[in-house]
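Observations on the three-dimensional arrangement
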Amino acid sequence: MSEETFDLVIRGRRVLTEAGIAPREVGVRGGKVMALEPLGSGLSGAEVIELADDETLLPGLVDTHVHVNEPGRTEWEGFASATRAAAAGGVTTIIDMPLNSIPPTTTVDALNLKREAAKDQAFVDVGFWGGAIPGNKADLLPLHNEGVFGFKCFLLHSGVDEFPHLDAEELEEDLAELKSFDSLMIVHAEDAHAIDRAPHPGGNQYATFLASRPRGAENKAIAEVIERARWTGARVHILHLSSSDALPMIASAKRDGVHLTVETCPHYLTLTAEEIPNGATAYKCCPPIREASNRELLWKGLQDGTIDCIVSDHSPSTLELKDLEHGDFAVAWGGVSSLQLGLSLVWTQARHRGIPLEQVVSWMAQKPAELARLGNKGQLALGYDADFAVFAQDEAYVVDVAKLKHKNPITPYDGKALSGVVRRTFLRGQEVDGRTPRGRLLRGTPGPGTTSPPGATSRR
């Protein structure tokens, strides 16, 4: 029997650590994992939780692609609703995208406004991406020093006028700037010229919308990003990959030593173009959900390591903006709401493919944490933050959009049967109750040749 007393001890037959799923006791003190012992070791704690036999203790997921939209478009989503939804889905860290809020996070002043909005209503930990737009090159280093985790840019119209896109030359110039302080550029890679020449997306036919965002537009933009990254030596990350055509080119660039990572999203791994009803604008996102054959190749890209991680790209809006009355794909806002559902969605598909839960959690926790250089998140390991999800992998449920924590009740998954329920979520050893916001605002770590602002804390 251990003499040491912990703030919290969790015991279970299924605990997912670095060594895989095993019977373990987890001791938490000061918000950190301080002990990992075989089940039966008798760790003592002020609070002791015994997991049910059907429950697995997972590290909290890390979602590096979330549009919270506060301030400015808080009716779309806000920090309170987004972080409650995250916690309900086992996500304990989100990194917020720089656009769809007003102002966008393209200056230090705008970052401070966003932090002010978030600070007292975050139920999970929150970090921030900065934005790279034409004319703000001088803002990139100050934003980096203030703790953004990297910078997002678009290569075509972003959907909101206050966040204009970069052309290829501006991208290269900003990449060279980011290389000088070892920051990361995350890219919405669709080519503006290719989209301009594609068919117009008007009307309620999904096939027409799909033709308006061809794979070629994505492939061309990804090729451009790869070459500019190769020339500058900067770190780049491809957001929300939907075109499986790009996988060989990505794999080749990685073999060549280009500093390239890639994500995809639950909607590209679970939904298919063939099943989308006409007028069903809840499914609209950019780049679009493609055919079943494309989906299978994305799964293969994950399994062979070409795609690094799975994140939500939770991009909500009001019901009105989805044009539900007419179902016009040209008019409707493009974005899928899925922050709360990601683990269940991916696990439901993965288990049918014989992919173990450990691998799913690596894609959704460890790999996104590595992308953001969050050295204390994404794994259940000694010294890491005690961020956990209690997951019943065999429990099934049907999605009821009215019961989700997202601010607006619309998702393409309404009515879908899924496997895997998150029963409890813990942030630094304290259960997230949806009433007391205990989330912290995270800062990235400034790289070589930069200075940390007063009071900044390393998250590496």
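Residues numbered from 1 in each chain as written. Predicted model: local features only at pLDDT ≥ 70, side-chain atom pairs only at ≥ 80, totals over all residues. Heavy atoms only, no water.

As for the environment of His188
On the secondary structure map, His188 appears in strand E11 (residues 184-188). Each C-alpha atom, one on His188 and one on Leu155, is 6.4 Å from the other, the two residues being 33 residues apart in sequence. Filtering out sequence-adjacent residues up to four positions away, His188 remains in contact with Cys153, Phe154, Leu155, Leu156, Arg213, Leu239, His240, Cys286 and Pro287. Reaching out from His188, the side chain makes a polar contact with the side chain of His240 at a distance of 3.0 Å. (Helix = DSSP H or I, 4+ residues; strand = E, 2+ residues; numbered from the N terminus. Contact = heavy atoms within 4.5 Å. Polar contact = N/O pair within 3.5 Å; in protein donor to acceptor, adjacent residues only side chain to side chain.)

So, the side chain of Asp308
Checked against the element boundaries, Asp308 lands in the loop between helix H10 (292-303) and strand E14 (309-310). Among the polar contacts made by the side chain of Asp308, one reaches the side chain of Lys254 at a distance of 2.7 Å. Sequence-distant contacts of Asp308, that is, excluding residues within four places in its chain, are made with Lys254, Leu260, Thr261, Val262, Trp363 and Lys367.

Topic: the packing of aromatic side chains
A full pass over the atoms with the stated rule returns eight aromatic pairs. Looking at Arg73, its charged tip hangs above the ring of Trp76, at a distance of 5.2 Å from the centre. (Phe/Tyr/Trp six-rings, centres within 6.5 Å; stacked < 30°, edge-to-face > 60°. Lys NZ or Arg CZ within 6 Å of the ring centre and 35° of its normal.)

Comments concerning unusual backbone geometry
Note the cis peptide between Glu70 and Pro71, where omega equals 0 degrees. Looking at where Pro71 falls in the secondary structure, it is placed in the loop between strand E6 (61-66) and helix H1 (79-88). The phi dihedral of Arg373 is positive, around 55 degrees, even though this residue is not glycine. You can see Arg373 is positioned in the loop between helix H12 (357-371) and strand E15 (388-398).

As for the packing of helix H7 (residues 215-232) against helix H8 (residues 247-255)
Two elements in contact, H7 and H8, have axes whose closest approach is 10 Å; the angle formed by their N-to-C orientations is 5 degrees. With respect to H8, the axis of H7 lies roughly parallel. Residues Asn219, Ile222, Ala223 and Ile226 of H7 form the contact with H8, whose participating residues are Met249, Ile250 and Ala253. Across the contact of H7 with H8, the residue classes break down as six nonpolar, one polar and no charged. (Axes fitted to C-alpha atoms, helices over the stretch in contact; angles between N-to-C directions. Parallel < 35°, antiparallel > 145°, perpendicular 65-115°, else oblique. Nonpolar A, V, L, I, M, F, W, Y, C, P; charged D, E, K, R; others polar.)

Considering the sheet that holds strand E8 (residues 125-128)
Strand order in the open sheet made by the three strands is E6-E7-E8, with parallel pairing throughout. The open sheet has two edge strands, E6 and E8, and neither has a second partner. Averaged over all pairs of adjacent strands, the angle between strand axes in this sheet comes to 20 degrees, irrespective of strand direction. Against the sheet, H1 engages strand E7 (91-96) and E8, with an angle of about 140 degrees to E7. (Pairing = 2+ DSSP bridges.)

Here we look at the nonpolar core
Ile94, Phe151, Met185, Leu241 and Leu260 are the most contacted members of the largest nonpolar core, which totals 96 residues. Residues contacting Leu260, with those up to four places away along its chain left out, are Ile226, Val236, Ile238, Ile250, Ala253, Lys254 and Asp308. Counting 24 residues, the second-largest nonpolar core is a separate cluster that includes Trp76, Leu99, Leu156 and Trp333. (Core = buried A, V, L, I, M, F, W, Y, C linked by side-chain atoms within 4.5 Å. Buried < 20%, exposed > 50% of the residue type's maximum accessible area, 1.4 Å probe, protein only.)

Notes on the environment of Leu39
By the element assignment, Leu39 lies in the loop between strand E3 (32-38) and strand E4 (44-50). The partly exposed category is assigned to Leu39, whose relative accessible area is 33%. Sequence spacing of Leu39 and Phe209 is 170 residues, and the spatial spacing of their C-alpha atoms is 54 Å.

Considering the sheet that holds E11
One open sheet accounts for six strands, arranged E9-E10-E11-E12-E13-E14; its pairing is parallel. Each edge of the open sheet is held by one strand with a lone partner, namely strand E9 (130-131) and E14. Where strand E13 (residues 260-264) lies against E14, two bridges are found, and the strand directions are parallel. Paired with Thr264 across the two strands is Ile310, which belongs to E14.

Topic: the confidence of the model for the protein chain
Residues of the protein chain with pLDDT of at least 70 account for 96%, and the chain-wide mean is 95. Residue range residues 448-460 is modelled with pLDDT below 50. Its contacts to residues more than four positions away, or to other chains, number 30 contacts. (pLDDT = per-residue confidence, 0-100.)

Some details on the side chain of Glu263
Inspection of the secondary structure puts Glu263 in strand E13. Lys152 provides the closest opposite charge to the buried, unpaired Glu263, separated from it by 7.5 Å. Looking at Glu263, its side chain comes within polar contact range of the side chain of His237, at 2.8 Å. Looking at Glu263, its side chain comes within polar contact range of the main-chain nitrogen of His240, at 3.0 Å. If near-sequence neighbours (up to four positions away) are discounted, Glu263 is found in contact with Thr64, His65, His237, Ile238, Leu239, His240, Leu241, Ile307, Cys309 and Val311. (Lys, Arg positive; Asp, Glu negative; His and termini not counted. Salt bridge = Lys/Arg side-chain N within 4 Å of Asp/Glu carboxyl O.)

Concerning the pattern of salt bridges
Within this structure, the stated rule accounts for 37 salt bridges. Note that Glu395 and Arg423 form a salt bridge whose closest N and O atoms lie 2.7 Å from each other. Here the residue Glu395 occupies a position in strand E15, and Arg423 occupies one in strand E16 (residues 417-427), the gap between them amounting to 28 residues. The structure contains a network of salt bridges with shared partners spanning Lys32, Asp125, Lys377, Asp385, Asp387 and Arg428.

Considerations on H1
Here H1 lies mainly inside the structure; eight of its ten residues are buried. Among the residues making up H1, those that are buried are Phe79, Ala80, Ser81, Ala82, Thr83, Ala85, Ala86 and Ala87. Of the residues one or two after H1, Gly90 is the one with positive phi, at around 80 degrees.

A short note on helix H4 (residues 168-180)
The terminal C-alpha atoms of H4 lie 19 Å apart, and with 13 residues this matches the ideal 18 Å at 1.5 Å per residue to within 8%. Looking only at H4, the buried set comprises Leu171, Asp174, Leu175 and Leu178. Looking straight down H4, one finds its buried side chains confined to an arc of 110 degrees; they lie on one side. The outward face of H4, more than 90 degrees from its buried face, is lined by the exposed residues Glu169 and Ser180. (Expected span 1.5 Å × (residues − 1). Arc of directions from axis to C-beta.)

Observations regarding the pairing of strand E12 (residues 235-238)
Residues of E12 alternate between two faces, with Arg235 and His237 on one and Val236 and Ile238 on the opposite face, all of them buried. Taken together, the four bridges between E11 and E12 define a ladder with parallel strand orientation. Looking across to E12, one finds that Ile186 is bridged to His237. When E12 meets E13, the two strands line up parallel, connected through three bridges.

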